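Chain and residue survey
Listed here are the chains, written in short residue letters.
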Amino acid sequence: MSSTPRPSSSRVSATGYTPIGVDVGEKRLVAAAPADADPDEAFVIDGEPLRERYDILVEATRALQGAWFDTTRGEAQLFAAMYHQLRPQVFNAAHRLVRYADEFATPLLVLEDLGHDVRPLWDWRTATELGAWVLPALQTAIAEVALEVGLPVTYVNPKYTTQQCHECLELGRLEGGDVVCTTDDCPVEAVCRDRSAAVTIAGRARPS
């Protein structure tokens, strides 16, 4: 088991850069935005196609394991076929994100320091928690692709990023896929929690 790589650029100062916050998840694989963006304008990649293929892998693997005969070879063949569909989607998302970030002057990708261990998909092939595999795998792919093109990456504390209002920075109330700001004088009411988190993450990298 190996830990999520922390590239040498993870200590880069945000001074002189445009921080681009990146929130990774299951419903939305990626939500990304600079610190001063309107969350509605965040760059988003839908996670449903990956979820659908992952569910097929889980259901089919469980069915094979429930058979009365030895299914080891069948499981391996199924896994290989599905992995060749899942992994490219992860890296495609990483490449699309990097292209989005490159539209800004001196971009700096800002990821949450989730502290996940990168475990192979094989370990999760019968688990319903897609996020347990995809979140560290996606963050690793983003870091790899970014460094390939010379785009710096840094990591910030992930605490309350999806609950904190991106505008007033106070903690709001989570309602489904939204965060509702409860601060009386804040103009934000309800906003997509993933999009808002991307703005919040970017803001955490700005020099204080």
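In the block above lies the structure referred to throughout.
These numbers come from a predicted model, not from an experiment.

Reading the values: rules and limits
The numbers attached to residues start from 1 for each chain and follow its sequence in the written order. The predicted nature of this model means local features are confined to residues of pLDDT at least 70 and side-chain atom pairs, given and counted, to a pLDDT of 80 or more, with totals for whole chains, interfaces and linings taken over all residues. To obtain the side-chain values, all non-hydrogen atoms of the structure were included, while hydrogens and water were left out. The helix and strand labels rest on DSSP assignments: H or I over at least four residues marks a helix, E over at least two residues marks a strand, and numbering proceeds from the N terminus. Working definition: a ring pair exists when centres of Phe, Tyr or Trp rings (six-membered ring for Trp) sit within 6.5 Å. Plane angles under 30 degrees give stacked, over 60 give edge-to-face, the rest tilted. Remark: exposure states derive from per-residue accessible area (1.4 Å probe, protein chains only) relative to the maximum for the residue type, with buried under 20%, exposed over 50%, and partly exposed in between. Whether two strands pair comes down to DSSP finding at least two bridges between them. Here an axis means a line fitted to C-alpha atoms, over the contact stretch when the element is a helix, while the angle between two N-to-C directions is reported on a 0 to 180 degree scale. Here, expected helix span is obtained from the residue count minus one, scaled by 1.5 Å. Each C-beta atom gives one direction from the helix axis, and the arc is the one those directions make.

Along the polypeptide, Leu 114 turns up in the loop between strand 5 (107-112) and strand 6 (117-118). Between the alpha carbons of Leu 114 and Leu 135 there is a distance of 8.7 Å; along the sequence they are 21 residues apart.

With that settled, consider the packing of aromatic side chains. Counted under the stated rule, the structure contains 2 aromatic pairs. Pairing Phe 43 with Tyr 100 gives two aromatic rings, centres 4.8 Å apart and planes at 10°, and the pair type is stacked. In this pair, Phe 43 is assigned in strand 4 (residues 43-46) and Tyr 100 in helix 2 (residues 72-101), connecting sequence segments 57 residues apart. Assigned by exposure class, Phe 43 and Tyr 100 land together as buried. Seen in terms of ring centroids, Tyr 100 and Phe 104 are 5.3 Å apart; in terms of plane orientation they differ by 75°. Their pairing is edge-to-face. Taking the relative accessible area as the measure of exposure, Phe 104 reaches 26% and is therefore partly exposed. Taken together, the ring pairs connect Phe 43, Tyr 100 and Phe 104 into an aromatic cluster.

A few words now on the sheet that holds strand 2 (residues 18-24). Here 5 strands make up an open sheet; going across it, the order is 4-3-2-5-7 and the pairing mixed. Each edge of the open sheet is held by one strand with a lone partner, namely strand 4 and strand 7 (153-156). Here the strands of the sheet are splayed against their neighbours by 25° on average, with no regard to which way each runs. The sheet contact formed by strand 2 and strand 3 (residues 28-34) spans 5 bridges and is antiparallel. Residue pairing across strands places Ile 20 opposite Pro 34, the latter belonging to strand 3.

Moving on: helix 1 (residues 48-65). Spanning 18 residues, helix 1 covers 26 Å between terminal C-alpha atoms, matching the ideal 26 Å at 1.5 Å per step. Of the positions making up helix 1, those classed as buried are Leu 50, Arg 51, Tyr 54, Leu 57, Val 58 and Thr 61. Relative to the axis of helix 1, the buried residues are bounded by an arc of 120° and lie together on one face. Every exposed residue of helix 1 that faces more than 90 degrees away from the buried side is listed here: Glu 59 and Ala 63.

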